[in-house]
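Spelled out, the chains give:
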Amino acid sequence: MATTVSMIPKIRDGLRATFRSGMTRPIAWRQHQLYQLARMAQNERELICDALKKDLGKPRTEVLMAEVGSIIERAVKSAQQLPEWAKTEYPEVADWQKPWKPTLYKAPRGTVLIVSPWNYPMILSFQPLIGAIAAGCTAVLKPSELVPTFSQLLAEIVPKYLDPNTYRVVNGAVPEISKLLELQWDHIFYTGNGRVARIIASAAAKHLTPLTLELGGKSPVIIDSAYDHDLAAKRILWGKCNNAGQICVAPDYVLVQRDKQDELVRAFQKHYNAFFPEGALDSPSFGSIVSDSHHKRLTSLLSRTKGDVVLQGRADAARRRLEPTIVKNVAGGDSLLEEELFGPILPIVPVDSLDQAVDFVNARSHPLVLYAFSDKESVKQQLVSETQSGGIVFNDTFQQLAVHELPFAGVGESGYGYQVMKYTYDTFTQLRSSIDMPKEAEPYLAIRYPPHSEEAVKALTAAVYTPIPPSRQ
């Protein structure tokens, strides 16, 4: 059920009043809310699994592993580490500035808006919220209308566990998000696609609202000709099959040495048969496409490709099912390279050298992640130094998301801003700089007041004459 549009400004104003009351400031209060979020995920896991099965056809094990379990673990760890994160900092300064007591306070940004997508609606809703709670913000959570069962479930269970004066769920589609974007927020955290991100960024700009944009793009895979192509195929296919390829970090296309292409295809076929002995169409371990329109988009892209389909995935439009489909001999300009695929289609682009693969990647928008399979340190260093992406992962796919200590972020068209654990806390935290000048410092400050003697001018401008060490290219 959609939130009444006329209620949305009142919800925002209520959250702002809660923030100004100071309720969210005590560390113990924030920790309790984080533990409550973990309890919600743990206690309501069967309802969550059922909702995502209905909306997305998601396998239960996948939901428990990648969504429910991750939220429980990150909420608990964030609560445990929060006292350390929130400590006031005293930077090391020159001795003559120490009496000023230079200080960095950790201040919550205020009342924030979190807009989450449909593909991983549990973790991509609550991962940002964990950071907002930890930072001491109040928040509106706007889940996707494309997962209506899950979104309605959130509206029902969130107020049972989290303080309803501090955290609210707003449901709906275009009218509701439009009203939300008319309002001023202290931060907006959006996960989704570049088209909607531009709309949100334009709305935020009217209020000078800071943003975090976690977008996507076409995340490429580069395979070094000397690497084990059988192992690469196994790990790439596993990453592609998660949520039927509907995740921002899914391998989007593979760049492989031309004379290794057929070897890679055979390896893909081998591991597909091992993963899904009866095929993926009816497999409980493989998800569905989110909507009829997305299913039609994917089959249309396949119908227009000039590549050779070497693993023909069956389709069932009525059930929004589409098996993994692999296409070789895909060239630049092909339909499968037009946009982020966000589905179980994997194009293979043959190249003649690593340099050609690097040029191919660099000629396109910066991806959220670049995957590369190589045992050679020289190859890894070349890719680190000669490409740009939000992250770079060697010799696996998808698994980088399990490392809580690494920031998750895009660059350029794949977004900006950081998240996961402390990085999400930092996103919703303002570093508030301070000094406290003692009265006793006045004799030392006298030099700054006009009129300035020749000696005062010399002292005040001394930095201009700082010696610069010699250097060469």
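Residue indices begin from 1 for each chain and proceed along its sequence in written order. Per-residue local features of the predicted model are confined to residues with pLDDT of at least 70, and side-chain atom pairs are confined, for both listing and counting, to 80 or more; whole-chain, interface and lining totals are unaffected and use all residues. Values reported for side chains reflect all heavy atoms of the structure, with hydrogen atoms and water molecules removed beforehand.

> I'd like to hear about unusual backbone geometry, residue by residue, with values.
The peptide bond linking P450 to P451 adopts the cis configuration, its omega dihedral lying at -5°. Position of P451 among the secondary structure elements: in the loop between α15 (442-445) and α16 (454-460). Look at L208: it is not a glycine, yet its phi comes out positive at around 55°. Its identity is not glycine, yet M421 carries a phi of approximately 50°, on the positive side. Locating M421 in the fold gives a position in the loop between β16 (415-416) and α14 (422-427). Only DSSP runs of H or I covering at least 4 residues are called helices, and only runs of E covering at least 2 are called strands; the numbering of each starts at the N terminus.

> Summarise the state of the cysteines; cite the residues concerned and give the values.
The criterion for a disulfide is a pair of cysteine sulfur atoms lying within 2.5 Å. The tally for this structure, following the rule as stated, stands at zero disulfides. We note that C49 lacks a disulfide partner, and the nearest cysteine sulfur, in C241, lies 20 Å from it. Exposed residues in this analysis have more than 50% of their type's maximum accessible area, buried residues have under 20%, and partly exposed residues fall in between, with area computed by a 1.4 Å probe over protein chains only. Using a relative accessible area of 4% as the deciding quantity, one classes C49 as buried.

> Help me get a handle on the pattern of salt bridges, residues and values and all.
A pair is scored as a salt bridge if a Lys or Arg side-chain nitrogen falls within 4 Å of a carboxyl oxygen belonging to Asp or Glu. Scanning the entire structure with this criterion turns up 24 salt bridges. Residues K270 and D230 are paired through a salt bridge, measuring 3.1 Å at the closest nitrogen-oxygen approach. Taken as a pair, K270 in helix α10 (residues 261-275) and D230 in helix α9 (residues 229-241) lie far apart in primary sequence, 40 residues in all. The closest approach of N and O atoms between K260 and E263, which form a salt bridge, is 3.6 Å.

> For the sheet that holds β16, give the residues involved together with the corresponding values.
For sheets, the rule is that strands pair by backbone hydrogen bonds, running either parallel or antiparallel. Read from one edge to the other, the open sheet built from six strands follows the order β4-β3-β2-β5-β6-β16, with strand pairing classed as mixed. Across the chains shown, the open sheet's two edge strands, defined by having one partner strand only, are β4 (167-169) and β16. DSSP calls a pair of strands paired once it identifies at least 2 bridges connecting them. Here five bridges tie strand β2 (residues 111-115) to strand β3 (residues 138-142), and the two strands are oriented parallel to one another. By the bridge assignment, T111 is partnered in β3 with T138. Any two residues having at least one pair of non-hydrogen atoms within 4.5 Å are treated as being in contact. Under this scheme, a helix contributes an axis fitted over its contacting stretch, all axes are lines through C-alpha atoms, and angles between N-to-C directions fall in the 0 to 180 degree range. Contacting β2, β3 and β4, helix α1 (residues 8-21) crosses the sheet at an angle of about 150° to β3.

> Any details on the packing of aromatic side chains? Residues and values, ideally.
Aromatic contacts are taken between Phe, Tyr and Trp rings whose centres are within 6.5 Å, Trp giving its six-membered ring; a plane angle under 30 degrees counts as stacked, one over 60 as edge-to-face, and the others as tilted. Going through the model one piece at a time under the given rule, you end up with eleven aromatic pairs. Where W238 meets F398, the ring centres are 5.4 Å apart and the plane angle is 85°; that geometry is what we call edge-to-face. Remark: F398 occurs in the loop between β15 (391-394) and β16 and W238 occurs in helix α9; sequence separation between them is 160 residues. Residue F398 is classed as buried on the basis of its relative accessible area, which comes to 8%. An aromatic cluster is built from Y272, F275, F276 and F286, whose rings are joined through pairwise contacts. The residue whose ring lies beneath K58 is Y120, and the NZ or CZ to ring-centre distance is 3.5 Å. Both a distance and an angle decide whether a charge sits over a ring: NZ of Lys or CZ of Arg must be within 6 Å of the ring centre and within 35 degrees of the ring normal. Positioned above the aromatic ring of F394, the side-chain terminus of K380 is 5.8 Å from the ring centre.

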